[in-house]
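# Architecture and fold: a report
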Amino acid sequence: MCGISACILLAKESINGHDGCTEYPSEREIKSDPQVNGIAKDLATQLKASIDTISHRGPDDSDVWISANEQVGLAHCRLSINDLSSAGRQPLHSSDGQIHAVVNGEIYDYDRLRYECETVHKYVFQSDSDSELVLALYDIFGAPSLFTHLRGEFSLVLYDNRHGSQRVIAGRDRYGIKPLVYTRLGSKLLVASEAKAFLRMGWKPRWDVRAIADAGWMFDDRTLFRGVRKVLPGHYLDITEQGGVQQVKYWDAEYEDKRKPETRSMDEMVAGVRERLVESVRLRLRADVPIGIYLSGGIDSSAIAGIVTELARKEKVKIGNEEATRVTCFSVGFPEASGYDESHIAERTAEWLGVRTIKKTITEDTLAEDFGHAVFHCEHHHFDLNFVAKFALSNITREHGVKVVLTGEGADEHFAGYPYFASEFLREADEALSDSRLSQDSDLRNDMFKSAQQEMKGIWQKGGATAYEDRPAPASIAGAGATDMSDNLLAWHPMATLFAPWIQTQQNNYDCRKTVLNSYPCDIQAKMRSRWHPLHTSMYMWNKNSLTNVLLSCLGDRMEMAHSVEARTPFLDHHLTEYVNRLPPSVKLRYSADAANDAGELGPIWTKSSVALLSLNEKWILRQAVRPYITDELYRRKKHPFLAPTRWAKGGPLCRMFETLLTQEAVEALGFVSWETIQEDRENAWGETADPKAFRRLVYCGAWVTLSQRMGVAKAEGSDWETTTQ
């Protein structure tokens, strides 16, 4: 994993008249050659400062390259994982000097792809780095075909100067595991792994208050910062002199057609999941450095630990650069009395597997101390302090000399692990398994559907989220299920009372569900209405919004890379997910009349009254597929989301931290937050009778104040509500 920064001049003609790029001087050559144009020197200096700003993503090496015509500059900071030699440093250059790239991430199935490029297409590689496959595959196949061959998590910027024309490709992996943002600054297009990289390029950040207030930063390509956009997952920017800047989709998720379900045996489907998951894990064990595993008390990470352990012991598969039969796992624990601690389950799993565990206990002091640092790396607000715990976990990983970890993100999203998927599963019968109990008994299914909706509202209210009651629906562009699911997606979006009066005026008569639904293209909306089962519609919505823009950011890449740790996500391998997406809804959620009585430890979110939700076994087919690798305890256990406690003592470390951070001056300097609301919340968010909604509002506002102060974001004004385009 690494950090990238790039600058592309968007003017149609080059600055100094050059129309070719026969040489590609490095940063060192630019600095030492007095004949090189001063513009190139200035750009190299800016890019070096830019990449230094995100050097946490790659502390091992860095370099800058400027095209001979001075229209394109690429910068890279390296976290050495594969090919630790100097040959693997970036920017990368093709053997003919016409294609150049910076790559962040990992490309898997490396040996097969390299062999094909060398033997079939006669491509000559310059290193053993997996990143060089980007150059080879682009040279052979071009774009967008390049992306169909890439398997892994990645973001990249590639410059092609062949045939006398110029083309820049800036692309991102299918699920947005690796970040990539861009903005315009005059005639320049800036592209980077993180927005803070733009600061040294002359960018003056302003709030995009419309994106914050209408939740657009969670659902479309906007960010918290005005004019800064995300390259969407499964997309790339295609930048040419003729076409300007266009965002192009190269991949999207597809689900089984509920009207024409495939017929497969249960054994075949279980074996299909197991085979693809084991292959995905195996591919992610290749590295020239040690690899560890993030182990929680859930089935997802435990299954990965079990598979890795078996591959190492039975097949002698190397775990990174070591031939080891004893896997190293890392876990976090909260104070046991909080009800949020799962570390004891992780420890029992580790003992059963015979693996080594290193535990980080997250105290209130830890959360207070790390909050500001975690927010700065995250670059957006979040409703919970779990991201601060993940920040601390990645720190302990790096302290123990581990650069790469395998994680369990993506399992809940593809095997229907979250409780808000249940009502959409119950909304319609599953014709693919027409002999199932719920498909045959419509009265039972309908009763459970109504109960599940109410039970989910109770869970939201208990956690301090927004549980919307009946309200007029916006124009149904994607079906009733999509409209209802948007309420679940918006449950953690701040209510209007948090915002300043002038923002609330702008919000009048606007339903944020429109932001959610309008984020999906027309062809996807059509599939939601008629082709996909409502469960699959809800899963698509979650994966395109909360998974990409929240979980893979503040609980994924940003927190891991803050400490120069690369995370690999076997459950987000597209060969696995494309197979799982085609499976019937009823193998992901499975009804059992006895399940509610055998739920075991309920944890902080469930209640005994959640009968309908507890009667559905989430991730059923995954449980069957990984049964050989997990304990009986995990096989039976209900989903427990990774959350931090919300109840803390008044006057304690967190209370003092927020009181110091959220002063009237600091809050009013934001320009878009109601000080009166925050003032009230500072009193109501603490102690045994604490209001969880008040606590969450302090966490939101604390993030905005931190970003404002650390990134120098200007006070919001009315013009910051205006719609901006890229």
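Fair warning: this is a prediction, and the values are worked out from it, not measured in the lab.

What counts and what doesn't
- Residues numbered from 1 in each chain as written.
- Predicted model: local features only at pLDDT ≥ 70, side-chain atom pairs only at ≥ 80, totals over all residues.
- Heavy atoms only, no water.
- Pairing = 2+ DSSP bridges.
- Helix = DSSP H or I, 4+ residues; strand = E, 2+ residues; numbered from the N terminus.
- Contact = heavy atoms within 4.5 Å.
- Axes fitted to C-alpha atoms, helices over the stretch in contact; angles between N-to-C directions.
- Salt bridge = Lys/Arg side-chain N within 4 Å of Asp/Glu carboxyl O.
- Buried < 20%, exposed > 50% of the residue type's maximum accessible area, 1.4 Å probe, protein only.
- 1 Å grid on protein atoms, 1.4 Å probe; cavity = no way out; pocket = protein on both sides within 12 Å on 5 of 7 lines; lining within 4 Å.
- Points joined across faces, edges and corners; volume = space filled by probe spheres on them.
- Nonpolar A, V, L, I, M, F, W, Y, C, P; charged D, E, K, R; others polar.
- Domains from an automatic or database assignment.
- Buried area = accessible area lost by both parts, 1.4 Å probe.
- Polar contact = N/O pair within 3.5 Å; in protein donor to acceptor, adjacent residues only side chain to side chain.

## As for the sheet that holds strand β9 (residues 188-192)
Sheet architecture is open: 6 strands sit in the order β2-β3-β1-β9-β8-β10, paired in antiparallel fashion. The open sheet terminates on both sides in strands that have one partner only, identified here as β2 (61-66) and β10 (229-230). Bridge count for strand β8 (residues 181-185) against β10 is 2 bridges, and the pairing is antiparallel. Paired with Val181 across the two strands is Lys230, which belongs to β10. Packed on one face of the sheet, helix α2 (residues 38-53) meets β1 (2-9), β2, β3 (72-78) and β9 and runs near 150 degrees to β2.

## A short note on the side chain of Asp557
When you line up the elements, Asp557 lands in helix α21 (residues 534-561). Residues within four places of Asp557 in sequence aside, it is in contact with Arg57, Ile177, Lys178, Pro179, Leu552 and Ala562.

## Regarding unusual backbone geometry
Glycine aside, residues mostly have negative phi angles, and peptide bonds mostly take the trans form. Residues Gln90 and Pro91 are joined by a peptide bond in cis, for which omega reads 5 degrees. One can find Pro91 in the loop between β3 and β4 (92-93). Between Ala143 and the following residue, Pro144, the backbone shows a cis peptide bond with an omega angle of 15 degrees. Turning to its location among the elements, Pro144 is positioned in the loop between α4 (132-141) and α5 (145-149). Even without being a glycine, Asp109 presents a positive backbone phi close to 60 degrees. Assignment of secondary structure puts Asp109 in the loop between β5 (99-107) and α3 (110-119). Even without being a glycine, Lys316 presents a positive backbone phi close to 55 degrees.

## Considerations on the pattern of salt bridges
Applying the stated criterion to the full structure yields 56 salt bridges. Two residues, Arg57 and Glu194, come together in a salt bridge whose shortest N-O distance is 2.9 Å. Of the two residues, Arg57 sits in the loop between α2 and β2 while Glu194 sits in the loop between β9 and α6 (209-213), which places them 137 residues apart along the sequence. When sorted by exposure, Arg57 lands in the same class as Glu194, which is buried. Among the salt bridges present, the one from Arg348 reaches Glu633, with a minimum N-O distance of 2.6 Å. Residue Arg348 is found in helix α10 (residues 343-353), and its partner Glu633 is found in helix α25 (residues 632-636); the two are separated by 285 residues along the sequence.

## Examining the sheet that holds strand β16 (residues 404-406)
Strand order in the open sheet formed by 5 strands is β15-β14-β13-β16-β17, with parallel pairing between adjacent strands. One side of each edge strand has no neighbouring strand; the edge strands of this open sheet are β15 (356-361) and β17 (566-568). On average, each strand axis in the sheet is tilted by 30 degrees relative to the strand beside it, whichever way the strands run. Two elements, strand β13 (residues 291-294) and strand β14 (residues 328-333), share 2 bridges in a ladder whose sense is parallel. Note on β14: the bridge partner recorded for Tyr294 is Phe330.

## Quick word on empty space enclosed by the protein
In this structure the tally under the stated criterion is 8 cavities of 30 Å³ or more. Put simply, the largest cavity is a space of about 270 Å³. Val181, Lys230, His380, Ser553 and Arg558 are the residues nearest the centre of the largest cavity, which is lined by 24 residues in total. No other element matches α21, which puts 6 residues into the lining of the largest cavity. Counted as a void, the second largest cavity has a volume near 100 Å³. Around the second largest cavity, the lining is made up of 15 residues, and of these Cys2, Leu79, Asn82, Ser129 and Ser131 lie nearest the centre. Split by residue class, the lining of the second largest cavity holds 4 nonpolar, 8 polar and 3 charged.

## A short note on the domain arrangement of the protein chain
Many authors give the size of an interface as the accessible area that is lost as the parts come together. Domain boundaries assigned for the protein chain yield domain 1 (4-9 + 38-207 + 228-249), domain 2 (254-495 + 510-645) and domain 3 (653-720). Each of domain 2 and domain 3 has a C-alpha centre, and these two points are 30 Å apart. With 24 residues of domain 2 at the interface, the matching set in domain 3 holds 19 residues. Between domain 2 and domain 3 lies a buried interface of about 2000 Å² when both sides are counted; carbon and sulfur atoms form 69% of it. Summed over the shared surface of domain 2 and domain 3, the result is 1 salt bridge. Across the pair Arg696 and Asp384 runs a salt bridge whose closest N-O atoms are separated by 2.9 Å. For the pair domain 2 and domain 3, the number of links is 7 residue pairs in polar contact (both at pLDDT 80 or more). Those elements giving two or more residues to the side of domain 2 that touches domain 3 turn out to be α11 (364-378) and α16 (442-463). Examining the composition of the side of domain 2 that touches domain 3, we find that 9 residues originate from one element, α11, more than from any other. Of the residues assigned to the side of domain 2 that touches domain 3, the class counts are 11 nonpolar, 8 polar and 5 charged.

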